[in-house]
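# Architecture and fold: a report
Residues per chain are reported as follows:
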Amino acid sequence: MQVAIDGPASSGKSTIAKIVAKKLGFIYCDTGAMYRAATWLALRDHINLDDASDLLKALDDVTIRFEPTDDGQLVFINDIDITHAIREPDVTNNVSQVSALAPIRTEMVKRQQQIAEEGNIVMDGRDIGTTVLPHAQVKIFMTASAEERAKRRYAENIAKGIMTPLSQLQDEIVARDHKDSTRKISPLRKADDAIEIDTTHLGIDEVVAQILEIIQTVQ
Ligand code: C5P
């Protein structure tokens, strides 16, 4: 069983996908974390992003892996724990440039499809229903207003000690969505057969319940 959850930045995909996967005993794959890991590597090694080949070479030498914990997962590049570093503003504000590079996408999609071969999976991102898992039995497109998404990101950031002002966060979210949905390769878009859930006025439990219900109908 494959559950694909796509949607714009901070729409709640990862929070929801993680809970749904845990409840069902499925693998959870956060594909955004993989593009963030690639961006972290590029920034750390001062890799020029005008040409994807240097980053591709650097990626060839490393493994990006997830380690489940009670309340989520840790993200590693080789043995370096980058879980928190990949949520910092420098990575967030550069990730759309990295994810628009065709060779990087080809590599990431290959890795994501390999992870999906390991068993039942919930995978979230931007192109899961359209490109990575086009035959997923359940496809969700999760949205929320930009104001609500900025508020959620603001609360998350404060908890992590990241102090970006709310209005700046909203501008950054809108800018990232624009880049992600206008890029040439696999832009953010709802798959024709995806079910759209607007989470603006919904709590986490309500969204989880809706998705579990949808999954039940195809099981
Ligand atoms: O989901 P998250 O906000 O962590 O994703 C970070 C970025 O990674 C997105 O803004 C997008 O540029 C890229 N991404 C992508 N395709 C995916 C998942 C994420 O291009 N499947």
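Scroll up for the structure.
First, a word on scope: everything that follows refers to the structure included in this document. Note that the structure is predicted; figures quoted are calculated from it, not measured. Every chain's residues receive numbers from 1 upward, in the order its sequence appears when written. Where local features are concerned, this predicted model is filtered to residues with pLDDT of at least 70; where side-chain atom pairs are given and counted, the filter is 80 or more; whole-chain, interface and lining totals use all residues. With hydrogens and water excluded, all non-hydrogen atoms of the structure serve as input to the side-chain values.

### Thoughts on the overall build of the protein
A count of helical and extended segments in the protein gives 10 helices and 8 strands. Throughout, the radius of gyration refers to the C-alpha atoms, and the reference size of a globule is 2.2 Å times the residue count to the power 0.38. Rg of the C-alpha trace for the protein: 16 Å, near the compact-globule value of 17 Å for 219 residues, within the 12% margin. By principal-axis analysis of the C-alpha atoms, the protein measures approximately 45 × 40 × 35 Å. Only protein chains enter the accessibility calculation, which uses a 1.4 Å probe; a residue whose area is less than 20% of its type maximum is buried, one above 50% is exposed, and one in between is partly exposed. Split into buried and exposed, the 219 residues of the protein put 48% on the buried side. Any two residues whose heavy atoms approach within 4.5 Å are treated as being in contact. Across the protein, the fraction of contacts at a sequence separation of at least 24, relative to all contacts at a separation of at least 6, is 72%. Accessible areas in this description were obtained via Shrake-Rupley with a 1.4 Å probe; residue shielding takes into account the shown protein chains only. Total accessible area computed for the protein in this model is approximately 10600 Å², and 51% of it derives from carbon and sulfur atoms. Asp and Glu count as negative and Lys and Arg as positive, but His and the ends of the chain are not part of the count. Charge placement uses NZ in Lys and CZ in Arg. For Asp and Glu, CG and CD serve respectively. If you average the places of the 25 positive and of the 34 negative side-chain charges in the protein, the two averages end up 2 Å apart. Strands are runs of DSSP state E lasting at least 2 residues, helices are runs of H or I lasting at least 4, and numbering of each runs from the N terminus.

### Considerations on the sheet that holds strand β2 (residues 27-30)
Two strands pair under a simple rule: DSSP has to find at least two bridges between them. Read from one edge of the open sheet, 5 strands run β2-β6-β1-β7-β8, paired in parallel fashion. Here the strands that pair on one side only, and so sit at the sheet edges, are β2 and β8 (195-198). Between one strand axis and the next, the sheet turns through 20 degrees on average, direction left out of account. In this sheet, strand β7 (residues 138-143) lies alongside strand β1 (residues 2-6) in parallel orientation, the contact comprising 4 bridges. Bridged to Ala 4 within β7 is Lys 139. A fitted line through C-alpha atoms serves as each axis, taken over the contacting stretch for helices, and the angle formed by two N-to-C directions is quoted from 0 to 180°. Across the sheet, helix α1 (residues 13-24) lies against β1, β2, β6 (121-125) and β7, angled at about 180 degrees from β6, the strand it touches most. Contacts between helix α6 (residues 102-116) and the sheet are confined to β1, β2 and β6, with β6 contributing the most and set at about 160 degrees to the helix.

### Observations regarding the site of the ligand
Being near a molecule or strand, for a residue, comes down to having at least one heavy atom within 4 Å of it. Taken together, 16 residues lie near the ligand, and Arg 36, Ser 99, Arg 105, Asp 127 and Asp 180 sit nearest. Counting of polar contacts relies on pairs of N or O atoms within 3.5 Å, with two restrictions inside protein: one atom must be capable of donating a hydrogen and the other of accepting it, and residues adjacent in sequence are counted only when both atoms are side-chain atoms. Take Ser 99: an N or O atom from its side chain is 2.7 Å from an oxygen atom of the ligand. The contact in question runs from an oxygen atom of the ligand to an N or O atom on the side chain of Asp 180, over 2.6 Å. Contributing elements (two or more residues each) for the shell around the ligand: α2 (31-44), α5 (95-99) and α9 (166-182). A per-element tally of the shell around the ligand places α2 first, with 4 residues. Under the scheme applied here, ten amino acids are nonpolar (Ala, Val, Leu, Ile, Met, Phe, Trp, Tyr, Cys and Pro), four are charged (Asp, Glu, Lys and Arg), and all others, including Gly, are polar. Considering only residue class, the shell around the ligand consists of 3 nonpolar, 5 polar and 8 charged.

### Here we look at helix α10 (residues 204-218)
For a helix, the expected span equals 1.5 Å multiplied by the residue count minus one. End to end, α10 covers 22 Å across 15 residues, agreeing with the expected 21 Å (1.5 Å per residue, within 8%). Within α10, burial applies to Val 207, Val 208, Ile 211, Ile 214 and Ile 215. For α10, the angular spread of buried residues about the axis comes to 125 degrees, placing them on one side. In α10, the exposed residues that point more than 90 degrees away from the buried face are Asp 205, Glu 213, Gln 216 and Thr 217. Among the structural elements, β1, α1, β7 and β8 are those in contact with the buried residues of α10. The arc in question is formed by the directions pointing from the helix axis toward the C-beta atoms.

### Looking at the sheet that holds strand β4 (residues 72-77)
On the basis of which strands lie adjacent, the open sheet formed by 3 strands has the order β3-β4-β5 and antiparallel pairing. If you trace the sheet from one side to the other, it starts and ends with β3 (64-69) and β5 (80-81), each paired once. Across 6 bridges, the pairing between β3 and β4 is antiparallel. Each residue of the ladder has a partner; that of Arg 65, found in β4, is Phe 76.

### Some details on the nonpolar core
The biggest cluster of nonpolar side chains holds 37 residues, and the ones touching the most others in it are Leu 55 and Leu 59. Counting residues per element, the ones that place at least two in this core are α2, α3 (52-60), β4, α5, α6, β6 and α7 (128-132). The element best represented in this core is α2, accounting for 8 residues. Ignoring anything within four residues of it in the chain, the contact list for Leu 59 reads Ala 38, Leu 41, Ile 64, Ile 104, Met 108 and Arg 111. If you look at the next biggest cluster of nonpolar residues, it comprises 19 residues, including Met 1, Tyr 28, Val 207 and Ile 214. We call a set of buried residues a nonpolar core when its members are Ala, Val, Leu, Ile, Met, Phe, Trp, Tyr or Cys and they connect through side-chain atoms within 4.5 Å of each other.

### Some details on the packing of aromatic side chains
Between rings of Phe, Tyr and Trp, where Trp is taken as its six-membered ring, a pair exists when centres lie within 6.5 Å; planes separated by under 30 degrees are stacked, by over 60 edge-to-face, and by other angles tilted. Using the criterion set out here, one finds 0 aromatic pairs in the structure. Over a ring means this: the NZ of a Lys or the CZ of an Arg is within 6 Å of the ring centre and within 35 degrees of the ring normal. The ring of Phe 76 carries the charged tip of Arg 65 above its face, separated from the ring centre by 4.4 Å.

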